[in-house]
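# An overview of the molecular structure
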Amino acid sequence: MPNSRACVQIFFFLIALLADDPLAAARSDPNKSNASLPTGLAMILPLVLSVPNSSRLSTRQDFHRQLRKDSSQKPNARMRLHDDLLTNGYYTTRLWIGTPPQEFALIVDSGSTVTYVPCSDCEQCGNHQDPRFQPELSSTYQKVMCNIDCTCDDLRKVCIYERQYAEQSSSSGVLGNDIISFGKESALGPQRAVFGCENAETGDLFSQHADGIIGLGSGPLSIMDQLVQKGVISDSFSLCYGGMDVGGGAMVLGGISPPPDMVFSRSDPVRSPYYNIELKELHVGGAPLPLPPKVFDGKHGTVLDSGTTYAYLPEAAFVAFRDAIIKNLHNLKQIRGPDPNYNDICFSGAGSDPSQLSKSFPKVEMVFSNGHKMLLTPENYLFRHSKVRGGYCLGVFQNGKDPTTLLGGIIVRNTLVTYDRQNQRIGFWNTNCSELWERLHMTTAPSPAPTSSISRNSALDGSPALPPAVLPDGEFRVGVITFEISSDVKYSDLVPQVTKLAEYIAQELEVNTYQVKLLNFTSEGNGTLLRCGVFPAGSSNYISNTTAKKIISRLTQHNVHLPDSFGSYQLVKWKIEPPQSRSWWQKHFLSVVVGLLVAVLLSSSTFLVRYIWRHRQAVGRYEAVNAASPEQELQQL
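Residues numbered from 1 in each chain as written. Predicted model: local features only at pLDDT ≥ 70, side-chain atom pairs only at ≥ 80, totals over all residues. Heavy atoms only, no water.

## A closer look at the environment of Asn545
Relative to the elements of secondary structure, Asn545 occurs in helix H11 (residues 545–556). Its relative accessible area of 28% is what places Asn545 among the partly exposed residues. Along the chain, Asn545 and Val478 lie 67 residues apart, while their C-alpha atoms are 6.9 Å from each other. (Helix = DSSP H or I, 4+ residues; strand = E, 2+ residues; numbered from the N terminus. Buried < 20%, exposed > 50% of the residue type's maximum accessible area, 1.4 Å probe, protein only.)

Take a look at the structure:
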């Protein structure tokens, strides 16, 4: 959400209701949270590819085909997610409003019940990702006039909205009605909907990069409730967040056919205005924490919120969880956190490869009241230490004195989460969220994303994002590996660092520095698009298959991490090329040059020897004093 430092949660009820916000205490006071976001982000690729085992492969492939529509045959809106949870504190998606469409980057929030963007006449709005919405340029825009179902302005002419946030920021404006579009990949066509047209924003909302909010919570202004009430989608939506260092992912508004092995928990809409689950136990390293089940059932129970960055447990649960994690660690050293203002619990010595974290950190399981279990890998409860290579910190904190359990986005990274509102349940399915986007057959973004125009795991020419370490059959030799990356660092800021960038890439790919060359870099919106190449070492004209597989695996499985100064980036595409066929001249160029040098050297040596011999002959000749010698002709003066 807008404040990534404090795991911001936006509250979308009227101010009178907000005064009794059950989660505000945990999220509005930074001193009550140990959470520490990295100050920057190393150069990163998408999440670790998780290849399903063969026994379940066909099931997963069938599910990806089923994702295109739900059992009721109603269309759904399939949309990309952008940005990164721990870098930005939120995920965004693209939404188009008006006729002709005006494009916006909106924060995805399952705890919000209104969608809003800055209006052109806003006198107190910050500089965001895109230009402000201009109602006067939309032929289909309508103001929502004052009525008994809304809050009216002082003149009682138009409907207004006002939202306040736990971190002391706010948003207010008028309500408008216009055509909203969900992108070219969406099976759901443009729909009329009510949204907020901001005329004032404060705090983090003013300074954030994203334009506004897309509200997926339950309420009359929620985009979900509006679409469901119109009958155009089923009462369900799904989010899939990218894994550690990755960001991105996919979102589906509307129903999907759940995979057979999706784990569900009941969600009680009466219990809380927020989406909740019935968490009964936490297991660490295979052993349950010594806690009574009611510890996760205090106040509003266990709340699941995509707009919160980290996870927050009641005091007793947090202490037990922390102690169990530390007890199960092996060969790791506890270190200070990246920010001295926070008492983060961090460790070093685990290595920089997220796929290997399970060797150092224990697995965690959430057990629901129905007995179903959801596995959490280390990336679901850790975040990377921003100042220590191979360092990680707990992304689970104490929720102050609030007995509510709050599970933020970190818990569901690399997890498809289905909010099945119709059946009052929430489902979880471990999967590769970047790969999921590709399998949804959405390989081309309709327009530039908030930080990049292309998916982090999209392959070259729209080819599927299969495990990339498989080279063509036969005696295929790799001549060069090229890849493009989209960085969120401005072109002018990145250009002075390109030499260092090539050095760091070479270091991460474990090749010689001279093998990595930056072939091209161009400005791309607020970022930079770079094209790089990895070339053979020494005099060889090809890269060995073993080395090529290792390089491609590091690129596509997101194991390349660079210093914070290079920001975050997305892998746009990669390609392997065979060695170029060379002409006779290219093949024999070196031999010809060596031959010419030898000939020149021999000629020079012969000339030098002859000169020295003649010089010695002239100096050593004896002549008598009065010997006759040819007279030299005097030249006239």
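## Considerations on the packing of aromatic side chains
Aromatic ring pairs are defined here through the distance separating the ring centres and the angle between the ring planes. One pass over the full model with this rule turns up 18 aromatic pairs. With a centroid separation of 6.3 Å and 75 degrees between ring planes, the pair formed by Phe361 and Tyr392 is classed as edge-to-face. You can see Phe361 sitting in the loop between strand E20 (346–348) and strand E21 (364–368) and its partner Tyr392 sitting in strand E24 (residues 392–394), a full 31 residues away along the chain. Residue classification places Phe361 among the buried residues on the basis of a relative accessible area of 2%. Among the aromatic side chains, those forming a connected cluster through ring pairs are Phe104, Phe133, Tyr141 and Phe195. Across from the ring centre of Phe264, 3.7 Å away, lies the NZ or CZ of Arg425, which sits over that ring. Over the face of the ring belonging to Phe535 we find Lys517, whose NZ or CZ atom lies 5.0 Å from the ring centre. (Phe/Tyr/Trp six-rings, centres within 6.5 Å; stacked < 30°, edge-to-face > 60°. Lys NZ or Arg CZ within 6 Å of the ring centre and 35° of its normal.)

## Structural notes on H11
The terminal C-alpha atoms of H11 lie 16 Å apart, and with 12 residues this matches the ideal 16 Å at 1.5 Å per residue to within 8%. For H11, the full list of buried residues reads Ala548, Ile551, Ile552, Ser553, Leu555 and Thr556. Residues of H11 that are buried sit in contact with strand E29 (480–487), helix H10 (498–509), strand E31 (527–534) and strand E32 (569–577). (Expected span 1.5 Å × (residues − 1). Contact = heavy atoms within 4.5 Å.)

## Regarding unusual backbone geometry
A cis amide bond links Thr99 to the next residue, Pro100, at an omega of -5 degrees. Assignment of secondary structure puts Pro100 in the loop between strand E2 (92–97) and strand E3 (102–109). Despite not being glycine, Asn331 shows a phi value in the positive range, around 60 degrees. By the secondary structure assignment, Asn331 is in the loop between helix H7 (315–327) and strand E19 (333–335).

## Here's the deal with the state of the cysteines
Inspection of every chain in the model, using the stated rule, returns 6 disulfides. Here Cys122 pairs with Cys125 through a disulfide, and the sulfurs are 1.9 Å apart. Its S-S torsion of about 90 degrees marks the bond between Cys122 and Cys125 as right-handed, since a negative value means left-handed. With its sulfur 2.0 Å from that of its partner, Cys346 forms a disulfide with Cys393. Judged by the torsion about the S-S bond (100 degrees), the Cys346/Cys393 disulfide is right-handed. (Disulfide = S-S within 2.5 Å.)

## Examining the environment of Arg156
Along the polypeptide, Arg156 turns up in the loop between strand E6 (151–152) and strand E7 (159–164). The class for Arg156 is exposed, based on a relative accessible area of 59%. Spatially, the C-alpha atom of Arg156 lies 5.9 Å from that of Cys146, the residues being 10 residues apart in sequence.

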